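Residue-level structural notes
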Amino acid sequence: MEQSRARAFDEFVAARWSALLHLARLLVGGDRHRAEDLLQESLVKLWFVWPKVADEAPEPYVRKVMMRAAARSGQRRWWGERPVEQLPEAAVVGDVSADVVERSRLEAALAQLSPKQRVAVVLRYYQDLPEGQVAEALGCPVGTARSHAARGVAQLRQLLGHVNEPVQ
């Protein structure tokens, strides 16, 4: 029984890792290391409730855990790392496509939003969740969630300037 539980969990993680990591990266404002930490912490929580949610909806459960943790992370002052002006060694980068540049711009702009605005924008417009589910994830009324999303989008427009094409 324990082996089948572990196998089902491993299959879920293998199948959804990339999409969940991308969501986590958006939720934390583009920091890949914080996104990996957020996702791993969420998957640990999923493991403990796996028998209850495995047959129903494990992905929404993980998303909800990640959203709440990302919203709370803005209240912390210290993440254990300090940014530096120059990296110790330069990474060798090949051809950087326009999509990567646009995604980086979006992640940088998302990082400047408040945690609740960032979560509201990502859930509403990236995950395409209805306002009710966004409000439930944030633990606030629908009007407040709508306000967080609207203010976040307005700030993103200001930060990103005039964009001719939508960001993918």
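Report follows, based on the coordinates. (Residues numbered from 1 in each chain as written. Predicted model: local features only at pLDDT ≥ 70, side-chain atom pairs only at ≥ 80, totals over all residues. Heavy atoms only, no water.)

**Observations concerning the pattern of salt bridges**
- Across all of its chains, the model carries 7 salt bridges by this definition.
- The partner of R25 in a salt bridge is E107, with the nearest N and O atoms 3.4 Å apart. With a gap of 82 residues between them, R25 in helix α1 (residues 2-27) and E107 in helix α4 (residues 98-111) connect regions that are remote in the sequence.
- According to the relative accessible area criterion, R25 is partly exposed, its value standing at 27%.
- Exposure remark for E107: the relative accessible area of 5% places this residue in the buried category.
- Ionic pairing is found between E131 and R146, a salt bridge with its closest N-O pair at 3.0 Å. Of this pair, E131 sits in helix α6 (residues 131-138) while R146 sits in helix α7 (residues 142-160), and the two are 15 residues apart along the sequence.
- Accessibility expressed as a relative area gives 43% for R146, which makes it partly exposed.
- Via salt bridges that share partners, R16, E59 and R63 belong to a single interconnected network. (Salt bridge = Lys/Arg side-chain N within 4 Å of Asp/Glu carboxyl O. Helix = DSSP H or I, 4+ residues; strand = E, 2+ residues; numbered from the N terminus. Buried < 20%, exposed > 50% of the residue type's maximum accessible area, 1.4 Å probe, protein only.)

**Section: unusual backbone geometry**
- Here the phi dihedral of D128 falls at roughly 60°; this positive angle occurs in a residue that is not glycine.
- Mapping D128 onto the fold places it in the loop between α5 (115-126) and α6.
- Judged by its relative accessible area of 58%, D128 is exposed.

**A word on the environment of F9**
- With respect to the helices and strands, the residue F9 is situated in helix α1.
- Between the alpha carbons of F9 and L46 there is a distance of 9.0 Å; along the sequence they are 37 residues apart.
- Each residue touching F9, except ones within four places of it in the same chain, is listed here: L43, L46, W47 and W50. (Contact = heavy atoms within 4.5 Å.)

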